[in-house]
Amino acid sequence: MNKRETRAVDPLLLAPILRTRLGYWLVVTALSAVVAWGLYAWVHQLREGLGVTGMNRPIYWGLYISNFVFFIGISHAGTLISAILRVAGAEWRRPITRAAEAITVFALALALTQIFADMGRPDRLLNLILRGRFQSPLLWDITSVGMYITGSITYLYLPLIPDLAILRDQLPATTPAWRQWLYRTLALGWHGGSEQRRRLEKAITIMAILIIPLAISVHTVVSWIFGMTLQPMWHSTIFGPYFVIGAIYSGIATILIAMAVIRKAFHLEGYLKPLHFRYLGLLLITFNALWFYFTFAEYLTTGYGGVPHEMAVFNTKLRGEYQIVFWGMVAAMAAAFVVLLLPHLPAPRRMRLPAFRPRYALATGVAALAVAIVMFSQAAPVTAQVGLALTPTVSQRLLWLLGILLALFAASVLPALRRNIIAGTVVASLLVDLGMWLERFTIVVPTETRPMLLYSIGIYRPTWVEWSITAAALAGFVLIYALFVKLFPIISIWEVQEAPEAIPATVERLRSYLPETVASSGASEGGS
Amino acid sequence: MESWTRILTVPGMGGSFMLSAITVWVLFLGSLVAWIIRAPRDRDW
């Protein structure tokens, strides 16, 4: 950075890099343990073969591919949201772009690990290069993802360069030598001259424009892996946009969760304000509505058509063995919609029902969780073996009980979420991410259980290996993110520092929207 | 298939296309970074 323009950096922004608390190490250790367990499961799978998973004929894709699609979706968060906000000149983007862009890179990396896990023989990935054909959507996918991950790394790196120079120049001499080397190397001799800054900003704009179609292509091509087959409920023309909508939707939710955690953990309340949560929350509501629209359109068209092959899959989702997953997805999305919308509705008359107290929330929440665990345990083969299987009547009654408990729980927590916009958006985001994962599973697996070819009906029960690798992928994502926050400023220092310079231009732009007479009268009032 | 579309079905052609596309893209990204880094310093400083 140019010495003339060196400004004092808010210590709060450097604090995560300079100081590490015990809690951080505990979290990192716990996440590492989960990742290590997942690696053990993967080695076990490599040694024993894919037979240790629940995948079988005709179900060749299970949790791994569901995770892959989910993570690719999450990856849209960052780059796309950041790029759109940059191109649109949304000033409120400044504190959130870095946190968003990092999500993209790490989610993509984790998505690729799921492909390796799914392959059983990862060395065969080379066949894609040696024998790949143009007609294969898998080839389109790897091409698209390859360009997207390299583009996203660059898009994360470019705005990071001035901050790396700040770290290089301003960190205390007591900083470990390897860190000084890291920042010195990655800063690439940045001097922050006016021409260099002009070029950087131009390059960021070019990347922001290029990355938008690239991001859209990635998830479109992922959907075509399914869409280009003739399998029931995969062969759909709306799959491209449906996947892109879902991707941006789950991406925004993930940014919101990351922002809330960073804000709380590093006391960045002054940077990540309720306003940011409100704006992104509004975007989340929009995508929630779009998601419902696409889902409704897709299922209505299939159900109305009544083609036998399609109906076999349709029925297994809506009232067959995957009904819990399907309706769980719908319930999660509907609940997210209610939570997001509440703060924007007019306040109701004050109600003081006993159910609105925290202890009721705790009691009903724990009870609902217990019932849910009992119900889900019925799916495990061991439950029947040890004679704990419930009769259908009892199961039915438990489902009703679960519904009532969840309704009571919702009634007791919604007023609190209505008052606190950050808590509300985070809860909604967790529901959205859960719902989107269930959606990916609902798309990937049920179709394979009722394929077009003359197979018998498939049954898929994921094994501990698959659940372990899934947990490790999730933990790995959080772990890499946590390490990134420790090494690099998670809020773009230089972009926030430059924000005040943008105020006159923004005011001027607002004036330009208005007729001359109105704009000039506003100026005189503002000046008086 | 005797038309030009035959090239689409040749094993390995798609792989070559993929590698070429990614290589060209990465070269573009690298040149973008190099263009920024090689910018001259301000003269008055």
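Since we're looking at a predicted model, the values are computed, not measured. (Residues numbered from 1 in each chain as written. Chains lettered and ligands numbered in written order. Predicted model: local features only at pLDDT ≥ 70, side-chain atom pairs only at ≥ 80, totals over all residues. Heavy atoms only, no water.)

Moving on, we get to the overall build of chain B. A tally of regular secondary structure across chain B gives one helix and zero strands. Considering only C-alpha atoms, chain B reaches an extent of 65 × 15 × 5 Å along its principal axes. A burial count over chain B gives 27% of its 45 residues as buried. (Helix = DSSP H or I, 4+ residues; strand = E, 2+ residues; numbered from the N terminus. Buried < 20%, exposed > 50% of the residue type's maximum accessible area, 1.4 Å probe, protein only.)

The subject of this paragraph is the overall build of chain A. The secondary structure content of chain A amounts to 22 helices and zero strands. For a compact globule of 528 residues, the expected C-alpha radius of gyration is about 24 Å, and chain A comes in at 25 Å, within 12% of that figure. Dimensions of chain A, computed from the C-alpha atoms along their principal axes, are close to 75 × 65 × 50 Å. The 528 residues of chain A split such that 50% are buried. The long-range fraction of contacts in chain A, counting pairs at least 24 apart against all pairs at least 6 apart in sequence, stands at 84%. Roughly 25,300 Å² of accessible area belongs to chain A as shown, and the carbon and sulfur atoms make up 70% of that amount. Charge centroids of chain A, computed over 42 positive and 26 negative side chains, lie 7 Å from each other. (Rg over C-alpha atoms; globule rule 2.2 N^0.38 Å. Contact = heavy atoms within 4.5 Å. Areas by Shrake-Rupley, 256 points an atom, 1.4 Å probe, with all protein chains shown as cover. Lys, Arg positive; Asp, Glu negative; His and termini not counted. Charge placed at Lys NZ, Arg CZ, Asp CG, Glu CD.)

Here the focus is the packing of aromatic side chains. To describe a pair of aromatic rings, one takes the distance between the centres and the angle between the planes. Residues and elements named next belong to chain A. In this structure the tally under the stated criterion is 31 aromatic pairs over all chains. Plain terms: the ring middles of Phe 106 and Phe 484 are 5.5 Å apart, the flat faces sit at 65° to each other, and that makes the pair edge-to-face. Residue Phe 106 is located in helix 5 (residues 97-119), and its partner Phe 484 is located in helix 19 (residues 464-487); the two are separated by 378 residues in the primary sequence. The class of Phe 106 is buried, set by a relative accessible area of 10%. When the ring of Trp 437 is compared with that of Phe 441, the centres are 5.7 Å apart and the planes differ by 20°; the resulting orientation is stacked. Residue Trp 437 and its partner Phe 441 are located together in helix 18 (residues 421-449), separated by four residues, close to a single helical turn. The same class applies to Trp 437 and to Phe 441, which are both buried. (Phe/Tyr/Trp six-rings, centres within 6.5 Å; stacked < 30°, edge-to-face > 60°.)

We now examine the interface of chain B and chain A. If you look at the interface, chain B gives 31 residues, while chain A gives 37 residues. Note on chain B versus chain A: buried area summed over both sides is about 3,000 Å², and carbon and sulfur give 74% of it. Broken down residue by residue, the surface that chain B buries against chain A is led by Trp 25, Trp 35 and Ile 36 of chain B, which jointly contribute 21%. Our count for the chain B to chain A interface comes out at zero salt bridges. Here chain B is connected to chain A by 10 residue pairs in polar contact (both at pLDDT 80 or more). For the side of chain B that touches chain A, a count of residues per class yields 22 nonpolar, five polar and four charged. (Buried area = accessible area lost by both parts, 1.4 Å probe. Salt bridge = Lys/Arg side-chain N within 4 Å of Asp/Glu carboxyl O. Polar contact = N/O pair within 3.5 Å; in protein donor to acceptor, adjacent residues only side chain to side chain. Nonpolar A, V, L, I, M, F, W, Y, C, P; charged D, E, K, R; others polar.)

Glancing now at the nonpolar core. All names here are of chain A. In terms of nonpolar packing, the biggest core is built from 145 residues, with Leu 158, Leu 280, Tyr 481 and Ile 490 touching the most fellow members. In terms of residues, this core owes the most to one element, helix 11 (residues 239-265), which gives 15 residues. Once you skip the residues sitting within four places of it in the chain, Tyr 481 turns out to touch Ala 99, Ala 102, Ile 103, Phe 106, Ala 258, Ile 262 and Ile 490. Core analysis: the next-biggest nonpolar cluster, separate from the first, contains seven residues, Ala 368, Ala 372, Leu 398 and Leu 402 among them. (Core = buried A, V, L, I, M, F, W, Y, C linked by side-chain atoms within 4.5 Å.)

This part covers the side chain of Arg 440 of chain A. Residues and elements named next belong to chain A. Checked against the element boundaries, Arg 440 lands in helix 18. With a relative accessible area of 2%, Arg 440 lands in the buried category. Those residues in contact with Arg 440 that lie beyond four places of it in its chain are Ser 66, Val 69, Phe 70, Gly 73, His 219, Phe 243, Gly 246 and Ala 247.

Glancing now at a nonpolar patch on the surface. All names here are of chain B. Where nonpolar side chains cluster on the molecular surface, the patch consists of Trp 4, Ile 7, Leu 8, Val 10 and Met 13 and spans about 460 Å² of accessible area. With respect to the helices and strands, the residue Met 13 is situated in helix 1 (residues 13-37). Judged by relative accessible area, Met 13 falls into the partly exposed class, the value being 30%. (Patch = residues over 30% accessible without salt bridge, like charges linked within 9 Å, V, L, I, M, F, W, Y side chains within 5 Å.)

All names here are of chain A. Counting through the fold element by element, Val 222 comes out in helix 10 (residues 194-227). The class of Val 222 is buried, set by a relative accessible area of 0%. With 78 residues separating them in the primary sequence, Val 222 and Ser 144 have C-alpha atoms 9.1 Å apart. Not counting residues up to four positions away in its chain, the partners in contact with Val 222 are Phe 68, Val 69, Ile 72, Asp 141 and Phe 243.

Residue and element names in this part refer to chain A. Inspection of the secondary structure puts Arg 86 in helix 4 (residues 76-87). For the pair Arg 86 and Ile 204, spaced 118 residues apart in sequence, the C-alpha separation works out to 8.9 Å. If we ignore the near neighbours within four places in the chain, the residues touching Arg 86 are Arg 93, Thr 97, Glu 101, Tyr 155, Pro 159, Ile 204, Ala 208 and Glu 495. A polar contact of 2.8 Å, which involves the side chain of Arg 86, links it to the side chain of Tyr 155. A polar contact is formed between the side chain of Arg 86 and the side chain of Glu 495, at a distance of 2.6 Å.

Residue and element names in this part refer to chain A. The final tally for this structure, using the stated rule, is 12 salt bridges over all chains. Glu 91 is the partner of Arg 94 in a salt bridge, and the nearest nitrogen-oxygen pair spans 2.7 Å. Classification of Glu 91 as partly exposed rests on a relative accessible area of 26%. Measuring nitrogen to oxygen at the nearest pair gives 3.3 Å for the salt bridge that ties Glu 321 to Arg 450. Linking Glu 321 in the loop between helix 13 (308-318) and helix 14 (323-341) with Arg 450 in the loop between helix 18 and helix 19, this pair joins segments that are 129 residues apart in sequence. Overlapping salt bridges bring together Arg 86, Glu 101 and Glu 495 as one network.

Take the packing of helix 4 of chain A against helix 7 (residues 137-157) of chain A next. Residue and element names in this part refer to chain A. Across the interface, helix 4 lies against helix 7 with an axial gap of 11 Å and an inter-helix angle of 55°. When the interaxial angle is binned, helix 4 and helix 7 end up oblique. The two elements helix 4 and helix 7 meet at a crossing, and its hand is left-handed. On helix 7, the residues that touch His 76, Thr 79, Ser 82, Ala 83 and Arg 86 of helix 4 are Tyr 148, Ser 152 and Tyr 155. (Axes fitted to C-alpha atoms, helices over the stretch in contact; angles between N-to-C directions. Parallel < 35°, antiparallel > 145°, perpendicular 65-115°, else oblique. Left-handed = near helix turned anticlockwise from the far one by under 90°.)

All names here are of chain A. Direction vectors running N to C along helix 3 (residues 63-74) and helix 19 enclose 15°, while the axes themselves pass 10 Å from each other. Between helix 3 and helix 19, the angle is such that the two are roughly parallel. Crossing angle aside, the handedness with which helix 3 passes helix 19 is right-handed. Seen from helix 3, the contacting residues are Leu 63, Tyr 64, Asn 67, Phe 71 and Ile 74; seen from helix 19, they are Val 465, Glu 466, Trp 467, Ile 469, Thr 470, Ala 473, Leu 474 and Phe 477. Residue composition of the contact of helix 3 with helix 19, by class: 10 nonpolar, two polar and one charged.

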